[in-house]
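So the chains spell out like this:
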Amino acid sequence: MNKRDFLKTGFVSALGLISLPSLAKGKNSLFSKQKEFILPELPYPYDALEPYIDKETVRIHHDKHHAGYTAKLNAALKNYTGPPPANVKEILSNASQYNDAIVNNGGGFLNHKLYWKFMSPDGGGTLNGPVAEAIQRDFGSFDNFREEFSTSAIKLFGSGWAWLIIQDGKLKITTTANQDNPFMDTLPEDQRGFPLLNIDVWEHAYYLKYQNRRAEYVDAFWNVVNWEFVNKRYDKVTKS
Ligand code: MN3
């Protein structure tokens, strides 16, 4: 238990001792109040990923699409009477327990939050660190990995995402439809895992600049991949 969890638990316990009965009653009590999710700020200016991902696409994608998922997630949670989820990962990991509006918009919220962080104006280049070793081990070479990831992203029918996930210590490339996310307990077992990289292949992610040429967008994406963040997530999941 870290300090923050301890403080939180301690706080709730203390309240429980003094006034649990009154707080547990009613829709607006402390224990049924749903927290509001906030649209994560873009980690860089709108034009930072130019020329690979254009300014106008980033602006609309973040300010309209991602904002929309966030607002709809909050709206859907307003009618949810179960215990407040601690975060969106908790919602997706227990997707079978929530309604479609919460799950779909929760997926949209998290998938985009990750997507923005998986890119950086300082991205691309040579991959080093622990993920480079794991890719070498599980795909034979970086080129094999890149080829397989790109092909999955290009061939995915309709709207969805391609992912690099880690499952039982092994790296794997998967795709999900719509706003599904590898954390979801409703996905088949072999598609579940911890996300290390994603790419949005909904048309709204590339249409303004690339129109129907999804392959060109996927190719350009490699120039902005934030390998530092991918390595950070790999460390987080393998060392915990
Ligand atoms: Mn999108």
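Throughout what follows, the structure given in this document is the object of discussion.

### Remarks on the coordination of the manganese ion
Thinking step 1. Protein coordination at the manganese ion: the donors are His61 (NE2), His112 (NE2), Asp200 (OD) and His204 (NE2), at 2.0 to 2.2 Å from the metal.
Thinking step 2. One chain supplies every donor for the manganese ion, spaced along it as H-x50-H-x87-D-x3-H. Of this pair, His61 sits in helix H2 (residues 55-78) while Asp200 sits in strand S3 (residues 194-200); the two residues are 139 residues apart in sequence, bridging distant segments of the chain.
Thinking step 3. Using a relative accessible area of 1% as the deciding quantity, one classes His61 as buried.
Thinking step 4. Using a relative accessible area of 0% as the deciding quantity, one classes Asp200 as buried.

### Let's talk about the packing of aromatic side chains
Thinking step 1. According to the stated counting rule, one finds 19 aromatic pairs in the structure shown.
Thinking step 2. On the basis of an interplanar angle of 85 degrees and a centroid distance of 5.7 Å, the ring pair of Tyr115 and Trp161 is categorised as edge-to-face. Of this pair, Tyr115 sits in helix H4 (residues 100-117) while Trp161 sits in strand S1 (residues 160-167), and the two are 46 residues apart along the sequence. Like Tyr115, the residue Trp161 is buried in the burial classification.
Thinking step 3. Ring centres of Phe149 and Trp222 lie 5.4 Å apart, and the angle between their planes is 70 degrees; this geometry places the pair in the edge-to-face category. On the criterion of sequence distance, the pair formed by Phe149 in helix H6 (residues 142-155) and Trp222 in the loop between helix H8 (214-221) and helix H9 (227-238) is long-range, its members being 73 residues apart. For the pair shown, Phe149 and Trp222 are each scored as buried.
Thinking step 4. Connected via pairs of aromatic rings, a cluster forms that spans Phe139, Phe142, Phe145, Phe149, Phe221, Trp222 and Trp227.
Thinking step 5. In this structure, Lys209 packs its charged tip against the face of Tyr210, placed 5.7 Å from the ring centre.

### Regarding the packing of H6 against H8
Helix-helix packing is characterised by the crossing angle of the two axes and by the distance between the axes.
Thinking step 1. It is the contact of H6 with H8, at a shortest axis distance of 9 Å, that shows an interaxial angle of 145 degrees. Of the two possible hands of crossing, H6 and H8 adopt the one that is right-handed. Of H8, the residues touching H6 (which contributes Arg146, Phe149, Ser150, Ala153 and Ile154) are Arg214, Ala215, Val218, Asp219 and Phe221.
Thinking step 2. Here the contact of H6 with H8 is composed, by residue class, of 6 nonpolar, 1 polar and 3 charged.

What counts and what doesn't
- Numbers given to residues run from 1 along each chain, matching the order in which its sequence is written.
- The predicted origin of the model limits local features to residues at a pLDDT of at least 70 and limits the giving and counting of side-chain atom pairs to 80 or more, whereas totals for whole chains, interfaces and linings rest on all residues.
- Side-chain metrics rest on all non-hydrogen atoms present in the structure, leaving aside hydrogens and water.
- For Na, K and Ca the donor cutoff is 3.2 Å, while for all other metals N, O and S atoms must lie within 2.8 Å; water is not among the atoms, so some sites may look incomplete.
- Strands here mean DSSP runs of E at least two residues long; helices mean DSSP runs of H or I at least four residues long; both are numbered from the N terminus.
- Residue exposure (1.4 Å probe, protein chains only): buried if accessible area is under 20% of the type maximum, exposed if over 50%, otherwise partly exposed.
- Any two of the Phe, Tyr and Trp rings considered here, Trp counted by its six-membered ring, make a pair once their centres fall within 6.5 Å; the pair's planes then place it as stacked at under 30 degrees, edge-to-face at over 60, or tilted in between.
- In this scheme, Lys NZ or Arg CZ marks a charge over a ring once it lies within 6 Å of the ring centre and within 35 degrees of the ring normal.
- Throughout, an axis means a line fitted to C-alpha atoms (over the contacting stretch in the case of helices), and angles, computed between N-to-C directions, take values from 0 to 180 degrees.
- With the far helix as reference, a near helix turned anticlockwise by less than a right angle produces a left-handed crossing, and one turned clockwise produces a right-handed crossing.
- Throughout, a residue-residue contact means that at least one pair of heavy atoms, one from each residue, lies within 4.5 Å.
- Each residue gets one of three labels, nonpolar for Ala, Val, Leu, Ile, Met, Phe, Trp, Tyr, Cys and Pro, charged for Asp, Glu, Lys and Arg, and polar for the others, Gly among them.

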